[in-house]
Protein chains: 2
Amino acid sequence: MAFEVTNDSTMKTSRIQDLATAILSALALTASIAHAADPLPSWNDGKAKQAITAFVEKVTKEGSPEFVPAPERIAVFDNDGTLWSEQPIYVQLRFALDRVKALAPQHPEWKAKPPFSKLLSTPKEEHVAVSEQELMEVVMAAHAGITTEEFEQVVKDWIATAKHPTTGKLYTEMVYQPMLELLAYLRANGFKTFIVSGGGIEFMRPWAEKVYGIPPEQVIGSSGKLKFELRDGKPVLMKLPEIDFIDDQAGKPVGIQQHIGRRPIAAFGNSDGDLQMLQWTAAGPGPRFCLYVHHTDGVREWAYDRDSHIGKLDQGLDEATTKGWTVVSMKDDWNRIHP
Amino acid sequence: MAFEVTNDSTMKTSRIQDLATAILSALALTASIAHAADPLPSWNDGKAKQAITAFVEKVTKEGSPEFVPAPERIAVFDNDGTLWSEQPIYVQLRFALDRVKALAPQHPEWKAKPPFSKLLSTPKEEHVAVSEQELMEVVMAAHAGITTEEFEQVVKDWIATAKHPTTGKLYTEMVYQPMLELLAYLRANGFKTFIVSGGGIEFMRPWAEKVYGIPPEQVIGSSGKLKFELRDGKPVLMKLPEIDFIDDQAGKPVGIQQHIGRRPIAAFGNSDGDLQMLQWTAAGPGPRFCLYVHHTDGVREWAYDRDSHIGKLDQGLDEATTKGWTVVSMKDDWNRIHP
């Protein structure tokens, strides 16, 4: 390098231009080095992987008719079943179970009041049949009367030690390695990655940055109402026992519009809860990418679709097939499931 | 430049390291060039400007006890009166007036129904006394039954030609040049800049990126309810005539938590509507920066505070003074107001 490092503010414009050219060349070279290594090593060569890389190359190629400027490269990901395992029960349902049990002594009335009564009388490992609405009710009630910061700490403490009932791994180790690679690959290509989940927004934010590299402002989820208060002169945000928004099914495009205000060009899901988000993404102008994760691996993960207790998956799978969206078979397309 | 551009994936690690060092040196040099020029030329030297640069230097200095990692450098800005002029009436009120008048022939019932009747019987240039709640009602009703994309186009068309009643400038030319410089300066120092306004989120997003460099996902505002629908098989988001959220006063910290999920370290406002946002920002741990714009320039802009019809400004100004927040006197601290 022949540059002299100087603070001389009178440095000639021509030298600044030389410098800019040098930086751009260096960055282009770095990009070509990154390109040489496979950014998706846990993906087997096949249609799904090819479709992903073809889409990314297409929208990032300047001058091409399908080029998409970086600020418009918005990619949205469902969480449960798309970024991490959702079997045998949603992680957040397990969190709510633990939380309700921990708080039960302070709430004797829960013993007779569904859905609390149902949760309290069910052993941990068993499947509990509650609707998403019921789950949110439980979550809201169990967390009322504490501040957002106190709740963040409760989640951090729980997620640091809570283990999956059958694998014994931490839940944060039950994420999908191929999807971690995909998130990083998209970001390296100028995409902004968002989570758009039916799960609680404040349940995901405390760990999403560390686990997925997704900062809190890019996590969209279901939420409860909040209230600003001065408590002993100190401003706090109290969590109220009231649902504010359910970010699932037809709620997902609404959540996307409220938080992002721009239609995504790529969407990733695995259930009927993601169908409207995929439809909304697919219907925009220009290049679009929709991917549906099909849980086909009964050995390394779980094999389920139409007759699963984990929500409904029929319509999403059918529409993905009909519309030619990219369907990932976990068994065939992924050579590794968890990190 | 002595680098050979190559796609050879077997390139030796030492050469990649050389390259990385070269890029870092070049970037450091670029940073020092940027530093040499005054990033805030429209700010007069004085307490306010010094407070801003001292804060930014402090939180960006690695190794210092007050260093703040880039992802946590969140800065929130009120819009009306903080980033652009709000006199003689809020721009969005003017937009609503024009919109209600344009739609009135289709709504004969509005003639007798307040607040529509009040708006329809008031000449444009005059001040219309409506509460924020009334304004939102009008905005919601006037925009019901159209999609988010149709509304975006209505706003784009309006903002492209609508002019300020006394200066004759486009509204987008009524932004504050010193604040544009401040936004750019903060972003150049790794801050993520957000608008947090009582105004409509979908009224600001169509032009905020072009005017302020703030993308739609970093605009927080008041909002109406949305509904996902398939219209002739095509997914749309319909705007419903129902208020979803008022992002003002105690609503601002709530909006910040819902959208960002992280407490800002810097906040900028000009009225009592911004007070809770400033309090929430100020009360966090570590270095904090709160700035209050005081409208003192009756010649180049408008001089108003306590007895203004533009909301209330008493409590904010008092608290800013008491708590030692940075108070900007537009007359004394800014050598230019509009671009």
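Preceding this paragraph is the structure being described.
Novice: Which residues make up the side chain of Arg73 of chain B, and what values do they have?
Specialist: Residue and element names in this part refer to chain B. Mapping Arg73 onto the fold places it in the loop between helix 2 (47–60) and strand 1 (74–77). Buried charge without a partner: Arg73 forms no salt bridge, and the closest opposite charge is Glu62, 6.6 Å away. Sequence-distant contacts of Arg73, that is, excluding residues within four places in its chain, are made with Val59, Thr60, Phe67, Val68, Asn189, Gly190, Phe191, Lys192 and Ile265.

Novice: Account for the pattern of salt bridges, naming residues and giving values.
Specialist: The full count for this structure, using the stated rule, is 38 salt bridges over all chains. The salt bridge partner of Glu202 of chain A is Lys239 of chain A, with a shortest N-O separation of 3.6 Å. Residue Glu202 of chain A is found in helix 8 (residues 201–212), and its partner Lys239 of chain A is found in strand 4 (residues 234–245); the two are separated by 37 residues along the sequence. Per residue, the accessibility class of Glu202 of chain A equals that of Lys239 of chain A, and both read buried. Arg263 of chain A is the partner of Glu149 of chain B in a salt bridge, and the nearest nitrogen-oxygen pair spans 2.9 Å. Of the two residues, Glu149 of chain B is situated in helix 6 (residues 148–161) and Arg263 of chain A in the loop between helix 9 (251–259) and strand 5 (266–269); the pairing between them involves two chains. Its relative accessible area of 39% is what places Glu149 of chain B among the partly exposed residues. On the basis of relative accessibility, which here comes to 12%, the residue Arg263 of chain A falls in the buried class. One network of salt bridges, in which partners are shared, links Lys192 and Arg262 of chain A together with Glu209 and Glu217 of chain B.

Novice: Provide a residue-level description of the packing of helix 3 (residues 91–103) of chain A against helix 6 (residues 148–161) of chain A, including the pertinent values.
Specialist: Residues and elements named next belong to chain A. Direction vectors running N to C along helix 3 and helix 6 enclose 105°, while the axes themselves pass 12 Å from each other. With respect to helix 6, the element helix 3 is oriented roughly perpendicular. Only Phe151, Val154, Val155 and Trp158 of helix 6 make contact with helix 3, whose side of the interface consists of Val91, Arg94, Phe95, Asp98 and Arg99. Each residue belonging to the contact of helix 3 with helix 6 can be placed in one class, and the counts come to 6 nonpolar, no polar and 3 charged.

Novice: Quick rundown of the side chain of Asp272 of chain B? Include the residues and the values.
Specialist: Residue and element names in this part refer to chain B. Mapping Asp272 onto the fold places it in the loop between strand 5 (266–269) and helix 10 (275–282). The exposure class of Asp272 is buried, given its relative accessible area of 12%. Polar side-chain contacts of Asp272 include one of 3.1 Å to the backbone nitrogen of Gln315. Polar side-chain contacts of Asp272 include one of 2.7 Å to the backbone nitrogen of Gly316.

Novice: I'd love a proper account of helix 2 (residues 47–60) of chain A, names of residues and values included.
Specialist: Residue and element names in this part refer to chain A. Taking 1.5 Å of rise per residue, 14 residues should cover 20 Å, and helix 2 covers 20 Å from first to last C-alpha, within 8% of that figure. Among the residues making up helix 2, those that are buried are Ala48, Lys49, Ile52, Phe55, Val56 and Val59. One side of helix 2 holds all its buried residues, which, seen down the axis, span an arc of 135°. For helix 2, the exposed residues set more than 90 degrees away from the buried face come down to Lys47 and Gln50.

Novice: Break down the packing of helix 2 of chain B against helix 7 (residues 177–188) of chain B for me, with residues and values.
Specialist: Residues and elements named next belong to chain B. The contact between helix 2 and helix 7 brings their axes to 11 Å, and the two run at 15°. For the element pair helix 2 / helix 7, the angle class is roughly parallel. Helix 2 and helix 7 meet at a crossing whose hand is right-handed. Note on element contacts: helix 7 touches helix 2 through Leu182, Tyr185 and Leu186, opposite Ile52, Thr53 and Val56. Residues belonging to the contact of helix 2 with helix 7 are distributed by class as follows: 5 nonpolar, 1 polar and no charged.

Calculation notes
- Residues numbered from 1 in each chain as written.
- Chains lettered and ligands numbered in written order.
- Predicted model: local features only at pLDDT ≥ 70, side-chain atom pairs only at ≥ 80, totals over all residues.
- Heavy atoms only, no water.
- Helix = DSSP H or I, 4+ residues; strand = E, 2+ residues; numbered from the N terminus.
- Buried < 20%, exposed > 50% of the residue type's maximum accessible area, 1.4 Å probe, protein only.
- Lys, Arg positive; Asp, Glu negative; His and termini not counted.
- Salt bridge = Lys/Arg side-chain N within 4 Å of Asp/Glu carboxyl O.
- Contact = heavy atoms within 4.5 Å.
- Axes fitted to C-alpha atoms, helices over the stretch in contact; angles between N-to-C directions.
- Parallel < 35°, antiparallel > 145°, perpendicular 65-115°, else oblique.
- Nonpolar A, V, L, I, M, F, W, Y, C, P; charged D, E, K, R; others polar.
- Polar contact = N/O pair within 3.5 Å; in protein donor to acceptor, adjacent residues only side chain to side chain.
- Expected span 1.5 Å × (residues − 1).
- Arc of directions from axis to C-beta.
- Left-handed = near helix turned anticlockwise from the far one by under 90°.

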